[in-house]
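# Report on the structure
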Amino acid sequence: QSQIQQIANTLAIACALDRRNQWLAANQQRNYEEQSNFLASLLHQLRNPLTAIRTFAQLLSRRIVADDPNQKFVTGILRETQHIQDLLSEADRPAPLLLSEAEHEKALLPAATMELTEIDLSEILDGITNFASAIAQERNIQFLSNIPSHLPKVLGNESALREAIGNLAENALKYTPKGGYVLLGADVKPDTVYIYVQDTGVGIPDADLPRLFERNFRGRQAESEIAGTGLGLAIANELVQKMEGSIHVISQVGKGSTFAVTLKRSL
Ligand code: ADP
């Protein structure tokens, strides 16, 4: 009797230990994935300002004559930005491998709610126009803007909005061939402001639309022809959700796409 009791006790302890280990492993895995998601998003957000710096440096470099003593500074900026871009593409690589299929639906950014304030849309759209028109010039694409001179304040977060719209503009420029155009515009509605980025790019097949905002999703055409990570739209979508806004796309293969963000006007 007592031997059976002993075996039963040992088994109970073994089971409890096993459950505890399973719980610890699951927790560790979750923390690890949350951290790697956050890190991947952060690294991705470094891309837009970096592309802008490199484009400004390229434009500057062309204006400087060969024996100008300032040439070396511009060359230095170009070299260092290239270096950071190389590091970032290294850092991007393992991120998708860390995520299981089930993790796709998980939040990309830390769960904390975003602080929403009244923000000046004009200033943000001016900043995006500035870097996007420089990139467009580099790539022989026309950059147009259709932004009303007086825009009401919206509810949002400045850096999140810059990142979200910046990603849409970057994509539009990336997926539009030479000779096309990209248009950044805004429309004021009674309760909302509608911001859109329209392009004359490759377009998106209907079959890709439902998965477009998923993390790591890349269109079939994009996957084979144009470099990317499949993070930009997922991040943009997540940020816009946190600003209590919405994001939509209409697209036609071979004709182009329009991505639009709707934000609440602040009262
Ligand atoms: P990435 O551009 O790095 O692949 P994104 O998350 O920004 O990742 O975009 C996901 C996919 O959506 C892209 O792979 C591409 O197929 C498609 N896409 C996004 N923006 C555009 C656009 N403006 N025109 C055509 N396809 C687009």
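Rules used throughout
Residues numbered from 1 in each chain as written. Predicted model: local features only at pLDDT ≥ 70, side-chain atom pairs only at ≥ 80, totals over all residues. Heavy atoms only, no water. UniProt positions renumbered as here; feature names shortened; annotations may be inferred. Helix = DSSP H or I, 4+ residues; strand = E, 2+ residues; numbered from the N terminus. Buried < 20%, exposed > 50% of the residue type's maximum accessible area, 1.4 Å probe, protein only. Contact = heavy atoms within 4.5 Å. Areas by Shrake-Rupley, 256 points an atom, 1.4 Å probe, with all protein chains shown as cover. Near = heavy atom within 4 Å. Polar contact = N/O pair within 3.5 Å; in protein donor to acceptor, adjacent residues only side chain to side chain. Salt bridge = Lys/Arg side-chain N within 4 Å of Asp/Glu carboxyl O. Patch = residues over 30% accessible without salt bridge, like charges linked within 9 Å, V, L, I, M, F, W, Y side chains within 5 Å. Axes fitted to C-alpha atoms, helices over the stretch in contact; angles between N-to-C directions. Parallel < 35°, antiparallel > 145°, perpendicular 65-115°, else oblique. Left-handed = near helix turned anticlockwise from the far one by under 90°. Pairing = 2+ DSSP bridges. Expected span 1.5 Å × (residues − 1).

For the protein, an unreviewed UniProt entry supplies the name histidine kinase and the organism Pseudanabaena yagii GIHE-NHR1. According to the UniProt record, the Catalytic activity (unreviewed entry) comment for the protein reads "ATP + protein L-histidine = ADP + protein N-phospho-L-histidine."

Before going further, it helps to spend a moment on the overall build of the protein. When its secondary structure is counted, the protein shows seven helices and seven strands. Of the regular secondary structure in the protein, the N- to C-terminal order runs α-α-α-β-α-β-β-α-β-β-α-α-β-β. The 267 residues of the protein split such that 41% are buried. Here the contacts in the protein between residues at least 6 apart in sequence split such that 75% fall between residues at least 24 apart. If you sum the accessible surface of the protein, you get close to 15,600 Å²; carbon and sulfur atoms cover 55% of it.

On to the site of the ligand. Not every one of the 21 residues close to the ligand is listed here, only the nearest: Asn171, Tyr175, Arg218, Thr229 and Leu233. Taking Gly219, its main chain carries an N or O atom lying 3.0 Å from an oxygen atom of the ligand. Thr229 places a polar main-chain atom, nitrogen or oxygen, 2.7 Å from an oxygen atom of the ligand. Summarising the interface, the protein chains cover 97% of the accessible area of the ligand, which totals 530 Å² for the free molecule. Considering every element that reaches the shell around the ligand, the biggest residue donor is helix H5 (residues 158–174), with three residues.

Next up on the list: the side chain of Gln85. Position of Gln85 relative to the elements: it lies in helix H3 (residues 71–92). A distance of 2.8 Å separates the side chain of Gln85 from the side chain of Arg54, its partner in a polar contact. Sequence-distant contacts of Gln85, defined by excluding residues within four places in its chain, comprise Leu50, Thr51 and Arg54.

Looking now at the environment of Ile7. Within the secondary structure layout, Ile7 lies in helix H1 (residues 2–45). Given the relative accessible area of 53%, Ile7 is considered exposed.

Let us now look at the pattern of salt bridges. This structure, assessed with the given rule, holds five salt bridges. Across the pair Glu138 and Arg62 runs a salt bridge whose closest N-O atoms are separated by 2.9 Å. With a gap of 76 residues between them, Glu138 in helix H4 (residues 121–138) and Arg62 in helix H2 (residues 47–63) connect regions that are remote in the sequence. Classification of Glu138 as partly exposed rests on a relative accessible area of 27%. Residue class for Arg62 comes out exposed when judged on its relative accessible area of 57%. Salt-bridge contacts for Lys264 lead to Glu244; the nearest nitrogen and oxygen are separated by 2.9 Å. Of this pair, Lys264 sits in strand S7 (residues 256–264) while Glu244 sits in the loop between helix H7 (232–242) and strand S6 (246–252), and the two are 20 residues apart along the sequence. Take Glu244: its relative accessible area is 44%, and that puts it in the partly exposed class.

A grouping of Phe38, Leu39 and Leu42 is seen on the molecular surface, where their side chains present a nonpolar patch of about 270 Å² in accessible area. Inspection of the secondary structure puts Phe38 in helix H1.

Below, the discussion takes up the packing of H2 against H4. Where H2 contacts H4, the two axes come as close as 9 Å, and the packing angle between them is 55°. With respect to H4, the axis of H2 lies oblique. Where H2 crosses over H4, the two elements pack in a sense that is left-handed. Note on element contacts: H4 touches H2 through Asn130, Phe131, Ala134, Ile135, Gln137 and Glu138, opposite Thr51, Ala52, Thr55, Phe56, Gln58, Leu59 and Arg62.

With respect to topology, five strands assemble into an open sheet ordered S2-S4-S5-S7-S6, the strand pairing being mixed. Two strands bound the open sheet, and with one partner strand each, they are strand S2 (142–146) and S6. Ignoring strand direction, the axes of neighbouring strands in this sheet form an average angle of 15°. Pairing of strand S5 (residues 192–199) with S7 involves seven bridges; the strand directions are antiparallel.

Time to look at H1. With 44 residues, H1 ought to run about 64 Å at 1.5 Å a step, and its terminal C-alpha atoms sit 64 Å apart, in line with that. Those residues of H1 that sit buried are Glu33, Ser36, Asn37, Ala40, Ser41, Leu43 and His44.

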